[in-house]
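Understanding the architecture of this molecule
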Amino acid sequence: MKIESFKLERYFAEYEFSTKYLLSSSDCDGYSLEYILNCADTNELKLWHELKFGYTDSAGSLFLREAISAQYQNISENDVLVMSPGEANFILMNVVLNEGDEVICTGPAYQSLYQIAKDLGCNIKFWYPASGTTYFYDTSDLKRLITKRTKLLIINFPHNPTGFIPSESELNEIINIARINNILLFSDEMYHQLVHDRNSNIPSVCDLYENSVSLWGMAKSFGLAGLRLGWIATKRHDLIEKIVSFKDYLTICNNAAGEVLSYIALKHKEKFIEPNIEKIVRNKHIFMNFVNHNSDLLEFSETKAGSTALVKLKIHCSAYKYSEKLVKETGIMLVPSEMFEYGDKHVRIGFGRENFPEILNVWQKLINDQCY
Ligand SMILES: Cc1ncc(COP(=O)(O)O)c(C=O)c1O
C-alpha cells in the first residue's frame, strides 16, 4: 500500500523544532518526568523504580488496561488495546476496510483519519460543519451522506481543528444514525474531557454503542505526547483480535516506561487534565481580546472544547502564503488550512502553550508595523 504524505505532519517537521514560537500546536506543553513522579504514590513509585525493560504484553500490561477501563462506564480491561494512536488508526482501517467501501469522516480532519481509508481504495465522503464563523456539525447533513454502502463513520469530538463538541443528545443522535444503518462508528476522542466548561463533557462512544471503537491517549488531554501511548476501547472483540495480530508486524508491544508513566497519569488524571483546561481557557480569552483588536484581519467565534480553533483570516493572499511570511519574519508558526485541505483562508490556533500571550505580542507588533 502506498500512502500520500501527511501534509500537517510534514509542515510541522519543517518548523516545529527550528522556529521560536508555536501558535498552532494541538498538544499542550509536555509535563516533565519530575512532575509525573511527584504525583505518584508509594506503590506507583515502586512500579517505576522496579521497572524492567523486557517485552510487554501486546495488548498492553494488565495494570494499565485496568486503569484505562476505569475511565469508562461499560468497558473492562479485555475491551482495551494499548498502542500509539496513529498505529491504532492505521491498523483499524486496514482490518475493517476493503477497496470500494464507502467511509464518512468529519471534515476538516486530522489527515490519517481519512487518508489511510482513501489509500486503501475507499470512497471518502466528508461531513463538514455548517458554514459561518461558528462551527456546527448538523446531523441532518450526516443523514444525507449515508447510503446502503456506508461501512464506517469516523467522528472526532472534541474536534481538531474547529474545537466543536456536540451536546450529549446530539452525540446520541449520531449513534442512533449509525445503529439504524448498521454502521461501525470510529470515534477519535483524543481530546476527550478537554472541555472548557465541565458541564459540556460528553460520554465516550464505546460506552453507548456496541458497534463502535473509541480512541483516546496521553498526547492531548494529558499533555504527555512524548509517551507515544494511546488505546482503543471497544466491545467488538473480533476487531480486537484482528488488530492485535496486525500489530505483531508493527510495534509488537508498547514501551515499558511509557506504560508505567501513563498509568501514573491516569491514576492522577485531574493533576494533568485540569491545568491544561485552565491554560486553554486563559489563552482563549486572551485570544478573543486579540481578535477584537484585530477584527480587520481575524474572525473567530468562541470554542467550547479541545485545544484548537480554526480561525478565519480576512486576507487577499492564501493562508499558506500568510503563514510562510509570518514564520519567516517573526518565527511564529501557524498551520494554514491548506494542510487540512480546507480552503486557503483559515489558520489553526493552538491554546495549549504557556508562552501564548508572548507570541500574540510578537504577532501584534508585526500587524502594527506592517498593517497586514
Ligand atoms: C484528532 C487526532 N487524532 C489522532 C492524533 C494522533 O495522536 P498522537 O500524536 O498521540 O499519535 C492527533 C494528533 O494531533 C489528532 O489531532
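It should be emphasised that the depicted structure is a prediction, and the values quoted were computed from it without experimental measurement.

About the thresholds
Residues numbered from 1 in each chain as written. Predicted model: local features only at pLDDT ≥ 70, side-chain atom pairs only at ≥ 80, totals over all residues. Heavy atoms only, no water. Core = buried A, V, L, I, M, F, W, Y, C linked by side-chain atoms within 4.5 Å. Buried < 20%, exposed > 50% of the residue type's maximum accessible area, 1.4 Å probe, protein only. Helix = DSSP H or I, 4+ residues; strand = E, 2+ residues; numbered from the N terminus. Domains from an automatic or database assignment. Contact = heavy atoms within 4.5 Å. Buried area = accessible area lost by both parts, 1.4 Å probe. Salt bridge = Lys/Arg side-chain N within 4 Å of Asp/Glu carboxyl O. Polar contact = N/O pair within 3.5 Å; in protein donor to acceptor, adjacent residues only side chain to side chain. Near = heavy atom within 4 Å. Nonpolar A, V, L, I, M, F, W, Y, C, P; charged D, E, K, R; others polar. 1 Å grid on protein atoms, 1.4 Å probe; cavity = no way out; pocket = protein on both sides within 12 Å on 5 of 7 lines; lining within 4 Å. Points joined across faces, edges and corners; volume = space filled by probe spheres on them. Arc of directions from axis to C-beta. Phe/Tyr/Trp six-rings, centres within 6.5 Å; stacked < 30°, edge-to-face > 60°. Axes fitted to C-alpha atoms, helices over the stretch in contact; angles between N-to-C directions. Parallel < 35°, antiparallel > 145°, perpendicular 65-115°, else oblique.

What about the nonpolar core?
- Within the largest apolar cluster, 96 residues are counted, with the highest numbers of intra-cluster contacts made by Phe 222, Trp 231, Phe 287, Ile 349 and Trp 363.
- When residues of this core are assigned to their parent elements, the largest contribution, eight residues, is made by helix H10 (residues 256–267).
- By size, the runner-up hydrophobic cluster in this structure holds 23 residues, among which are Leu 142, Ile 146, Ile 174 and Leu 185.

Side note on the domain arrangement of the protein chain
- Once the domains are mapped, the protein chain shows domain 1 (7–32 + 270–370) and domain 2 (43–269).
- A C-alpha centroid distance of 25 Å is found between domain 1 and domain 2.
- If you look at the interface, domain 1 gives 34 residues, while domain 2 gives 36 residues.
- For the domain 1 and domain 2 pair, buried surface summed over both sides reaches about 3,000 Å², with 54% attributable to carbon and sulfur atoms.
- When the buried area of domain 1 at its contact with domain 2 is split by residue, Phe 272, Ile 273 and Phe 340 rank highest and sum to 19% of it.
- The interface formed by domain 1 and domain 2 contains one salt bridge.

A closer look at the side chain of Asn 211
- Relative to the elements of secondary structure, Asn 211 occurs in the loop between strand S6 (184–188) and strand S7 (212–217).
- For Asn 211, a relative accessible area of 12% corresponds to the buried category.
- At 2.7 Å, the side chain of Asn 211 forms a polar contact with the side chain of Arg 236.
- What Asn 211 contacts, discounting residues up to four positions off in sequence, is Asn 182, Ile 183, Leu 184, Leu 185 and Arg 236.

Regarding the site of the ligand
- Taken together, Ser 26, Pro 85, Gly 86, Tyr 110, Asn 156, Asn 160, Asp 188, Met 190, Tyr 191, Ala 219, Lys 220 and Arg 228 make up all the residues around the ligand.
- The separation between an oxygen atom of the ligand and a polar side-chain atom of Asn 160 is 2.8 Å.
- Its residues assigned to classes, the shell around the ligand shows five nonpolar, four polar and three charged.

Observations regarding unusual backbone geometry
- A cis geometry characterises the amide bond from Phe 157 onward to Pro 158, with omega recorded as -10°.
- Structurally, Pro 158 can be placed in the loop between strand S5 (150–155) and helix H8 (168–180).
- Unlike most non-glycine residues, Glu 341 shows phi in positive territory, near 50°.
- Within the secondary structure layout, Glu 341 lies in the loop between strand S12 (335–336) and strand S13 (346–350).
- Assessed through its relative accessible area of 37%, Glu 341 is described here as partly exposed.

Remarks on the layout of surface pockets
- If you add up the space inside the largest pocket, you get close to 700 Å³.
- Around the largest pocket, the lining is made up of 29 residues, and of these Glu 9, Ser 26, Tyr 110, Lys 220 and Arg 228 lie nearest the centre.
- Residue assignment for the lining of the largest pocket shows that the elements contributing at least two residues are helix H1 (7–15), helix H5 (85–96) and helix H6 (112–119).
- Here the element with the most residues in the lining of the largest pocket is H5; it accounts for four residues.
- Looking at the lining of the largest pocket, you find at least three residues from each of domain 1 (7–32 + 270–370) and domain 2 (43–269).

Overview of helix H9 (residues 237–247)
- For H9, the full list of buried residues reads Leu 239, Ile 240, Ile 243 and Lys 247. Projection of H9 onto a plane perpendicular to its axis shows the buried side chains occupying an angular sector of 100°, all on one side.
- Buried-residue contacts for H9 involve strand S2 (80–83), H5, S6, S7 and strand S8 (230–234).

Regarding the side chain of Thr 162
- Examined against the element boundaries, Thr 162 turns out to sit in the loop between S5 and H8.
- With relative accessibility at 3%, the residue Thr 162 sits in the buried group.
- Within the structure, Thr 162 has its side chain in polar contact with the side chain of His 159 (distance 2.7 Å).
- In this structure the side chain of Thr 162 is engaged in a polar contact, spanning 3.2 Å, whose partner is the backbone nitrogen of Phe 164.
- Apart from residues lying up to four places away in sequence, Thr 162 is in contact with Tyr 135, Tyr 137, Thr 303, Thr 308, Ala 309 and Leu 310.

Section: the packing of aromatic side chains
- Applying the stated criterion to the full structure yields 27 aromatic pairs.
- The rings of Phe 287, Phe 290, Phe 300, Tyr 322, Phe 351, Phe 356 and Trp 363 are connected pair by pair, giving a single aromatic cluster.

Re the packing of helix H12 (residues 319–330) against helix H13 (residues 356–370)
- Running from N to C, H12 and H13 point in directions that differ by 105°, and their axes come no closer than 11 Å. In terms of their interaxial angle, H12 and H13 are classed as roughly perpendicular. Between H12 and H13, the residues in contact are Tyr 322, Lys 325, Leu 326, Glu 329 and Thr 330 and Val 362, Trp 363, Leu 366 and Gln 370, respectively.
- Classifying every residue of the contact of H12 with H13 by side-chain character gives five nonpolar, two polar and two charged.

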